[in-house]
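Breakdown of the fold
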Amino acid sequence: MESRGTKREAGEIEVAEPGNKLPRPAPSLPTDPALYSGPFPFYRRPSELGCFSLDAQRQYHGDARALRYYSPPPTNGQSPNFDLRDGYPDRYQPRDEEVQERLDHLLRWLLAHRGQLEGGPGWLAGAIVTWRGHLTKLLTTPYERQEGWQLAASRFQGTLYLSEVETPAARVQRLTRPPLLRELMYMGYKFEQYMCADKPGVSPDPSGEVNTNVAFCSVLRSRLGNHPLLFSGEVDCTNPQAPSTQPPTCYVELKTSKEMHSPGQWKSFYRHKLLKWWAQSFLPGVPNVVAGFRNPEGFVCSLKTFPTMEMFEYVRNDRDGWNPSVCMNFCAAFLSFAQNTVVEDDPRLVYLFSWEPGGPVTVSEHRDAPHAFLPPWATWAHPPPHLAVLARWKL
Ligand code: GDP
Ligand code: MG
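Reading the values: the criteria
Residues numbered from 1 in each chain as written. Chains lettered and ligands numbered in written order. Predicted model: local features only at pLDDT ≥ 70, side-chain atom pairs only at ≥ 80, totals over all residues. Heavy atoms only, no water. Near = heavy atom within 4 Å. Polar contact = N/O pair within 3.5 Å; in protein donor to acceptor, adjacent residues only side chain to side chain. Areas by Shrake-Rupley, 256 points an atom, 1.4 Å probe, with all protein chains shown as cover. Helix = DSSP H or I, 4+ residues; strand = E, 2+ residues; numbered from the N terminus. Donors = N, O, S within 2.8 Å, 3.2 Å for Na, K, Ca; no water. Buried < 20%, exposed > 50% of the residue type's maximum accessible area, 1.4 Å probe, protein only. Salt bridge = Lys/Arg side-chain N within 4 Å of Asp/Glu carboxyl O. Axes fitted to C-alpha atoms, helices over the stretch in contact; angles between N-to-C directions. Parallel < 35°, antiparallel > 145°, perpendicular 65-115°, else oblique. Left-handed = near helix turned anticlockwise from the far one by under 90°. Contact = heavy atoms within 4.5 Å. Nonpolar A, V, L, I, M, F, W, Y, C, P; charged D, E, K, R; others polar.

Labelled according to an unreviewed UniProt entry, the protein appears under the name Decapping exoribonuclease, originating from Ovis aries.

What follows is the structure in structure tokens.
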């Protein structure tokens, strides 16, 4: 073991200099809802900058080929009868969750478009780049009592990049996922297949395979307080009959949930599930979430549309409900905390922000593997034709 006073890692607490300054406590960020209940912060109406698709082999395409079209069953008095277990497991091609993609697909989109970004020169240098799903986790943090998270952060050419790291607990949960939970995950994707068609104006075809490699991702610009944001999120489908066909207002998020029978079940649904649904769809400006309620046999027999902007009404008068202001104020506070922590501009330097329910967000400092997540091709000012490297990253 090293004795005190010998070589130290940068970032370790320094010994107080006599008569000078006290040792600085490690910075952390509290997450108690009561601390974030001020007025709703500024949030710019999200606008779509572009999109990309991932195919059945999880290969990137810089177009909308994976976009599907909302095609609900005719509302002729009959209720739907979607068997969500149909095709499981024989017509299921689940994505390989061992592959940690980090920000790669989004970075590939950014590499192709960073020269033509709106917002004026230097907009990207002042922005935060991440996945929508990572921001969703930040929004719900003040109310989350089960699952912690870790976010890796690096600064490169001014831009702050945030990429989630799977926690050890989440990894254990994933590797020991009970068979019933695996089937429930399939059922969520199967619902999408019953509700979406590959072309506008045609009926869905639920006879094919469910392949969760396929994804359509929208790339959006927004701003929370003084934090310009560029993020991407997977979009389930577009509604060709939406009042406005302009993305993201034409997009629809699809969800399944257990059929509810008692007022207590509805109350719990509003407190817990609607919070997650609201956070996920509010961020990209997706105006509607269409829920399919499944019975114990796994059939969806009823549908209900929840407008994103009306979700808060279900908990507004509930003392144990959630508050959008708390979610957004905490997210803004975290982004400021991250901006002030990640000062050095170095893609090999990573700050790991860690949070477990009941505690504050804490930080640790790392260099290179395993946490560095900005690939060399994304950090080239002018990508040279290094063929071997290009091939390895499938460019
Ligand atoms: P969401 O809001 O949690 O669904 O995540 P996003 O819409 O931000 O998705 C960002 C990217 O991560 C997309 O390419 C998704 O296909 C992918 N993705 C979504 N959920 C998961 C997940 O649970 N694990 C991993 N590794 N990737 C995911
Ligand atoms: Mg969905």
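1. Overview of the site of ligand 1
The environment of ligand 1 is formed by Leu54, Arg58, Arg95, Trp131, Arg132, Gly133, Ser232, Gly233, Glu234 and Gln280. Between ligand 1 and Gln280 there is a distance of 3.3 Å, counted from an oxygen atom to a side-chain nitrogen or oxygen. Relative to its unbound accessible area of 550 Å², ligand 1 is 65% covered by the protein chains. Put simply, the parts of the chain that give the shell around ligand 1 at least two residues each are α2 (132-140) and β13 (227-234).

2. Observations concerning the coordination of the magnesium ion (ligand 2)
Around a metal, the idealised angle for a tetrahedral arrangement of four donor atoms is 109.5 degrees; for an octahedral arrangement of six donor atoms it is 90 or 180 degrees. The magnesium ion (ligand 2) binds to the protein through Asp236 (OD), Glu253 (OE) and Leu254 (O), with metal-donor distances spanning 2.2 to 2.4 Å. Coordination of the magnesium ion (ligand 2) draws on donor residues from a single chain, spaced D-x16-E-L in sequence. With a gap of 18 residues between them, Asp236 in the loop between β13 and β14 (237-238) and Leu254 in strand β15 (residues 251-258) connect regions that are remote in the sequence. Accessibility expressed as a relative area gives 7% for Asp236, which makes it buried.

3. Details of the pattern of salt bridges
In this structure the tally under the stated criterion is 19 salt bridges. Taking the shortest distance from any N to any O, the salt bridge between Glu183 and Arg85 comes out at 3.1 Å. Taken together, the positions of Glu183 in helix α4 (residues 179-195) and Arg85 in the loop between β5 (82-83) and β6 (92-93) put the pair 98 residues apart, joining distant regions of the chain. One continuous salt-bridge network, built from bridges that share partners, spans Glu98, Glu166, Arg171 and Arg174.

4. Points about the packing of α2 against helix α6 (residues 324-341)
For the pair α2 and α6, the least separation of the axes is 7 Å and the interaxial angle reads 115 degrees. It follows that α2 is roughly perpendicular to α6 by the angle criterion. Our pair here, α2 against α6, has a crossing hand that is right-handed. The residues of α6 that touch α2, namely those facing Leu135, Leu138 and Leu139, are Cys327, Met328, Phe330, Cys331, Phe334 and Leu335. Considering only residue class, the contact of α2 with α6 consists of nine nonpolar, no polar and no charged.

5. What about the environment of Arg177?
Along the polypeptide, Arg177 turns up in the loop between α3 (168-175) and α4. Residues contacting Arg177, with those up to four places away along its chain left out, are Glu97, Arg182 and Met185.

6. Considering the packing of helix α5 (residues 263-282) against α6
Where α5 contacts α6, the two axes come as close as 11 Å, and the packing angle between them is 55 degrees. By the criterion of interaxial angle, the relationship of α5 to α6 is oblique. In the packing of α5 onto α6, the handedness of the crossing is right-handed. Counted together, Leu275, Trp278 and Phe282 of α5 and Pro324, Cys327 and Met328 of α6 form the full contact between these two elements. The class makeup of the residues in the contact of α5 with α6 is six nonpolar, no polar and no charged.

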